[in-house]
Each structure stands twice: as structure tokens, then as C-alpha cells.
Amino acid sequence: MHPVLIAARNPGAMTGHGNNTYLIIDPGGGAALIDAGVGHEDHLAEIADRLAADAAMLERVLVTHGHADHAAGAPAIAAVHTAAVFEKYPWPEEDSRYAVPWRALADGDMVVAGGGLLTVLHTPGHSPDHIAFWHEPTRTIFSGDLVTLGSSVMIHSSRGGDLAQYMASLERLLALNPRVLLPAHGPRIDDPTAVLIGYLEHRRSRERQVIAALAAGHATVQTIAESIYDGLDPALMPAAHENVRAHLEKLEAEGVAVEEVDGWRL
Ligand SMILES: [Zn+2]
């Protein structure tokens, strides 16, 4: 399996340098693309060029989750690669925004890519439909938005994100003892165990900060966020609010914190 990184050409505040998509061409002339990007013409042109160079045909597009930077390019790809099948874990209210006939993937499914098999891992938390793809022979995981080096992963608690699920998903990747993570943003990760442990520790330390903020009398998402993310770029404060809310909801589910009319408390 030789995945080729093809940049989606969508740099921005929330996507960093833009999304990574991965084209896997098998010697028999079939090909799979992991994540659809946003339909940028240069992305589409590079996919077409790579396929033409190997006289290959795009057979399937495997989408890690329904966020726009991963799924919005599906109709543009479908218009050119008419034989391609589009597959993801269902998230009906989001999937309907991208007009292709989605085929549903489930945890444990095996899909053909690059002449080999990828195992579908349902890894919710960043979004309810998030999946990763595990290539056991090379111990490689296409890890979507679970891990991004040099940046924090958003848990959109107001849009189906769930921090407890997210941390369980990181634990699941860790338990597979992968050799390489190929993420949807940022560079490839050659030391997955250290990075995954670091991510889990980061969330646990944030949780301790949220608990300390509550103990100090901060009762709203805003004041808790300001107490933790002192000096944060104001443009990133909405993301900080999402993360604080995600921690509070996890703590509420665990019976550690409660939300009352006048705010949150332990
Ligand atoms: Zn995402």
C-alpha cells in the first residue's frame, strides 16, 4: 500500500495548512481516496493526474467524517469519477448536505484499498460519525481528525462532539500499537504511541484545570475559558469555549459537575 498525500488546497484558521487526502492506487488499476476535500479545482486536477499516470480508475472515496473540509468535495469528485462509490459512517442530517449516494460503513467493515484491506474503526468524539481506517499489515492508521500535530483537536460539543467518546477513541488507537498515523491535517505521525499518550494526558490536565476553575467559583463557560486560556488569540476563543463545554458535559455525565440556573458548579 502506497498512499499518496494530495493536499485539498483549503488552508484556513480551522484547517491549518489545509486538509490532507490520501490516494491509494493498487497495481490492478483500482484506486481509493481517503477524504474528499472541498472540491478545489487544483485538488481535483492532481487526483486526475495521479490516476492517469497509473492508468487507474477511482473506485471509492472513503470519508472519515461529515465535517465540510472532509466531505464537501464529494459531489465535485462524483461528477468527474462517475464510477466511484462514496462511503462513510452515517450522520444523516450532515450527509444530506453533500449530494452523493452515500454507502454506509460500520465498525469492523473491511474495505478494499490499494489492493489490500482497510478495517473501519468507528472512533466518535470529534464528531459522532468519525471513522479511522486501519491497515494492519503496515500498522498504519488513516486517523482523520483524531490527532493533529501542532494544534488542538476540536470537540464540537454543540454539534455532536463528545469528549469522553473522543478519549476512548484515542485509547482504541493506542491499543492497536500503530506504527504510523496519517492524519487529515498536519504532518504524518511516526511515533503514534507517544503522541496518543500525550493527547490523553493533555485532556486530563485540562480537565483538572476546569475542575480547579469551578472550585475557584467560575461558573460560566466564558469565565472558565478565560481563566484557563489566559492570553489566547481572541479568534480562537470560540474553539476554547467549545472545549470547555465538552469538558463540563463529560464531568456532568460522570456526576462531578452540575449545571444549574446560575451556572456550573462542582
Ligand atoms: Zn472534523
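Refer to the preceding data block for the structure.
Residues numbered from 1 in each chain as written. Predicted model: local features only at pLDDT ≥ 70, side-chain atom pairs only at ≥ 80, totals over all residues. Heavy atoms only, no water.

## Overview of the coordination of the zinc ion
With distances of 2.1 to 2.3 Å, the protein atoms coordinating the zinc ion are His-65 (NE2), His-67 (ND1), His-126 (NE2) and Asp-145 (OD). Relative to the metal, the four donor atoms surrounding the zinc ion lie at angles of 88 to 179°, and the coordination shape comes out irregular. Ordering the donors of the zinc ion by residue number gives the pattern H-x1-H-x58-H-x18-D. Remark: Asp-145 occurs in the loop between strand E10 (140-144) and helix H5 (163-175) and His-126 occurs in the loop between strand E8 (116-122) and strand E9 (131-135); sequence separation between them is 19 residues. Per residue, the accessibility class of His-126 equals that of Asp-145, and both read buried. (Donors = N, O, S within 2.8 Å, 3.2 Å for Na, K, Ca; no water. Tetrahedral: all angles 85-135°; square planar, octahedral: opposite > 155°, others 65-115°. Helix = DSSP H or I, 4+ residues; strand = E, 2+ residues; numbered from the N terminus. Buried < 20%, exposed > 50% of the residue type's maximum accessible area, 1.4 Å probe, protein only.)

## A word on the side chain of Thr-123
Considering the arrangement of structural elements, one finds Thr-123 in the loop between E8 and E9. Given the relative accessible area of 0%, Thr-123 is considered buried. Those residues in contact with Thr-123 that sit more than four places away from it in its chain are His-130, Ile-131, Ala-132, Leu-146, Ser-169 and Leu-173. (Contact = heavy atoms within 4.5 Å.)

## Structural notes on a nonpolar patch on the surface
A contiguous nonpolar patch, built from Met-110, Val-112 and Leu-117 and spanning about 270 Å² of accessible area, is present on the exposed surface. Along the polypeptide, Met-110 turns up in strand E7 (residues 110-113). (Patch = residues over 30% accessible without salt bridge, like charges linked within 9 Å, V, L, I, M, F, W, Y side chains within 5 Å. Areas by Shrake-Rupley, 256 points an atom, 1.4 Å probe, with all protein chains shown as cover. Salt bridge = Lys/Arg side-chain N within 4 Å of Asp/Glu carboxyl O.)

## Comments concerning the sheet that holds strand E1 (residues 3-7)
Spatial strand order, E1-E2-E3-E4-E5-E6: six strands in an open sheet with mixed pairing. Two strands close off the open sheet at either side, each with one partner strand: E1 and strand E6 (102-104). Each strand axis lies, on average, 30° off the axis of its neighbour in the sheet, ignoring direction. Alignment of strand E5 (residues 85-88) against E6, held across three bridges, turns out to be parallel. From the neighbouring strand, Lys-88 faces E6, where its bridge partner is Ala-104. Its contacts with the sheet place helix H1 (residues 41-53) against E1, strand E2 (20-25), strand E3 (30-34) and strand E4 (57-62), and it is angled at close to 155° to E1. (Pairing = 2+ DSSP bridges. Axes fitted to C-alpha atoms, helices over the stretch in contact; angles between N-to-C directions.)

## Examining the pattern of salt bridges
All chains considered together, the criterion is met by 15 salt bridges. For Glu-207, the salt bridge is made with Lys-250, and the minimal N-O distance between the two is 2.7 Å. Of this pair, Glu-207 sits in helix H6 (residues 192-215) while Lys-250 sits in helix H8 (residues 237-253), placing them 43 residues apart in sequence. With respect to burial, Glu-207 and Lys-250 carry one shared label: buried. Between Glu-254 and Lys-250 there is a salt bridge, and its shortest N-O distance comes to 2.9 Å. If you follow the salt bridges from partner to partner, you end up with Arg-9, Glu-46 and Arg-50 in one network.

## Some details on the pairing of E9
The buried fraction of E9 amounts to five of the five residues, a majority that puts the element mostly inside the structure. Residues Ile-131, Phe-133 and His-135 point to one face of E9 and Ala-132 and Trp-134 to the other, with burial holding for every one of them. Where E8 meets E9, four bridges bridge the pair, whose relative direction is antiparallel. Within E9, the residue paired with Leu-121 across the bridge is Ala-132. Looking at chain direction, E9 and E10 are connected through three bridges and run antiparallel. Following the sheet pairing, His-135 is matched in E10 by Thr-140. Counted along the chain from E9 to the antiparallel partner E10, the turn is four residues long, and its residue Arg-139 has a positive phi close to 50°.

## Points about the environment of His-126
Taking the relative accessible area as the measure of exposure, His-126 reaches 4% and is therefore buried. Excluding residues that lie within four positions of it along the chain, His-126 makes contacts with His-65, His-67, Asp-145, Val-153, Met-154, Ile-155, His-156, Gly-161 and Tyr-166. Here the side chain of His-126 touches Asp-145 through a polar contact of 3.0 Å, side chain to side chain. A distance of 2.7 Å separates the side chain of His-126 from the backbone oxygen of Met-154, its partner in a polar contact. (Polar contact = N/O pair within 3.5 Å; in protein donor to acceptor, adjacent residues only side chain to side chain.)

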